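# Summary of the model geometry
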Amino acid sequence: MSLVARIKGIMLTPRQVWPVIAAEETGTVALYTRYVMPLAAVPAVAGFLGASIFGVGTFGLSIRVPLATGLLQMVMSYTVSLVMIFVVSLTGNALASGFGGQKNSANALKLVAYSSTAAMMGGVFALVPALWMMMLAASFYSVYLLFLGVPSLMLVPRQKALPYTAVLVVCGIVLGVIVNMVVGIVAYTGPAGIGSVDGAADMESPTGEVTINTPNGAVTFDMGKMEAWSTKVEALGRKLEEAQQSGDSAAFEQVLKEMNELQREQPTGK
């Protein structure tokens, strides 16, 4: 199927397209080169043009990111998006059996890649930074696409598709925060960044911490907090499933609030 036809199908008729995708045998390389890489370029390029070429207009002024910085950010955001799709798919595959589904790394990658279509296409609104709400709406639609695809791709029972989706989205958000934190270090410290001698990780810390020293200071990753955060995510997933099965709307809303609070926690340092 052509790129345009697949985009149209997953965006307009996802319920009909997901079973078709589940039956396809698509390798990782083919999926990336034919679909993910072209679409991931949309938000990266649009973001560069919006920030460095067109600029952000405010109070009659136009603020632009320097071209060199903009180009670096474009390349790094593009690379990060490619990596994130793969990493989130690994997480989704690991979670599947816990929600009554079946592990399948190929299907997990297809699920994350194709459900990200709306978010990547919505990246075109980065041409005009003031339209960030449109990008947010596109991201929410991607979450909906993910929810619809879970039963077909990961064979998770429909009654457990919502908690599975919610937990995967939270994990994706936190992973995004971690990756973007590291990207920010590289982008604003220059080529020496974390590749310098001082950028080595201290893996022998008795407190279970990993520290990366950069020209702008040290960034500490608290592995204990990471483990505790993962446990909380798993517990919230179970609570969300119980609330959905019981039909208790108050309990359901409470779990969603707790998940929103959990997103604000920083499991990556003190």
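Residues numbered from 1 in each chain as written. Predicted model: local features only at pLDDT ≥ 70, side-chain atom pairs only at ≥ 80, totals over all residues. Heavy atoms only, no water.

Per the secondary structure count, the chain includes 10 helices and four strands. Counted from the first residue to the last, the chain has its helices and strands arranged as α-α-α-β-β-α-α-α-α-α-β-β-α-α. For the chain, the residues scored as buried account for 38% of the 270 residues in total. Of the contacts formed within the chain by residues at least 6 apart in sequence, a portion of 65% connects residues at least 24 apart. Carbon and sulfur atoms provide 65% of the accessible area of the chain, an area that totals close to 14,400 Å². (Helix = DSSP H or I, 4+ residues; strand = E, 2+ residues; numbered from the N terminus. Buried < 20%, exposed > 50% of the residue type's maximum accessible area, 1.4 Å probe, protein only. Contact = heavy atoms within 4.5 Å. Areas by Shrake-Rupley, 256 points an atom, 1.4 Å probe, with all protein chains shown as cover.)

Right, let's get into the packing of aromatic side chains. Here the structure, examined in full by the defined rule, presents three aromatic pairs. Lying across the ring of tyrosine 114, arginine 6 places its NZ or CZ 5.1 Å from the centre. (Phe/Tyr/Trp six-rings, centres within 6.5 Å; stacked < 30°, edge-to-face > 60°. Lys NZ or Arg CZ within 6 Å of the ring centre and 35° of its normal.)

Glancing now at the confidence of the model for the chain. Should pLDDT be low for a region, the predicted coordinates there are not to be read in detail. Scored by pLDDT, the chain comes out at a mean of 77, with 67% of its residues at no less than 70. Across residues 190–207, where pLDDT falls below 50, the model places 18 contacts with residues more than four positions away in sequence or in other chains. Segment residues 210–217: pLDDT under 50, and 30 contacts once partners within four positions in sequence are set aside and those in other chains are kept. (pLDDT = per-residue confidence, 0-100.)

For serine 81, the location among the structural elements is in helix α4 (residues 67–96). Overall, serine 81 belongs to the partly exposed group, its relative accessible area being 22%. For serine 81 and methionine 120, which are 39 residues apart along the polypeptide, the C-alpha to C-alpha distance reads 9.2 Å.

In this structure, leucine 155 takes a positive phi of about 55° despite not being glycine. Residue placement: leucine 155 occurs in the loop between α7 (132–154) and α8 (158–189). Classification of leucine 155 by relative accessible area gives partly exposed; the value is 44%.

Another aspect to go through is the nonpolar core. Counting residues in each nonpolar core, the largest one holds 38 residues, and the members touching the most others are Ile10, Trp18, Ile85, Met154 and Tyr164. Contributing elements (two or more residues each) for this core: α1 (3–12), α2 (14–23), α3 (28–54), α4, α5 (105–115), α6 (117–122), α7 and α8. Those residues in contact with methionine 154, other than ones at most four positions away along the chain, are Gly92, Asn93, Ala96, Gly101, Gln102, Lys103, Asn104, Asn107, Ala108, Leu111, Gly149 and Tyr164. (Core = buried A, V, L, I, M, F, W, Y, C linked by side-chain atoms within 4.5 Å.)

Moving on, we get to the pattern of salt bridges. Counting across every chain of the model gives one salt bridge. A salt bridge links arginine 6 to glutamate 24; its shortest N-O distance comes to 2.7 Å. One end of the pair, arginine 6, is in helix α1; the other, glutamate 24, is in the loop between α2 and α3, with 18 residues separating them in the sequence. Assessed through its relative accessible area of 4%, arginine 6 is described here as buried. When its relative accessible area of 23% is taken as the criterion, glutamate 24 is described as partly exposed. (Salt bridge = Lys/Arg side-chain N within 4 Å of Asp/Glu carboxyl O.)

Moving on: a nonpolar patch on the surface. On the surface, a cluster of nonpolar side chains totalling about 450 Å² of accessible area is made up of Trp132, Met133, Leu136 and Phe140. By secondary structure assignment, the location of methionine 133 is in helix α7. (Patch = residues over 30% accessible without salt bridge, like charges linked within 9 Å, V, L, I, M, F, W, Y side chains within 5 Å.)

Another point: the side chain of asparagine 93. Examined against the element boundaries, asparagine 93 turns out to sit in helix α4. Assessed through its relative accessible area of 15%, asparagine 93 is described here as buried. In this structure asparagine 93 touches Lys103, Asn104, Ser105, Ala108, Met154 and Tyr164, once residues within four positions along its chain are discounted.

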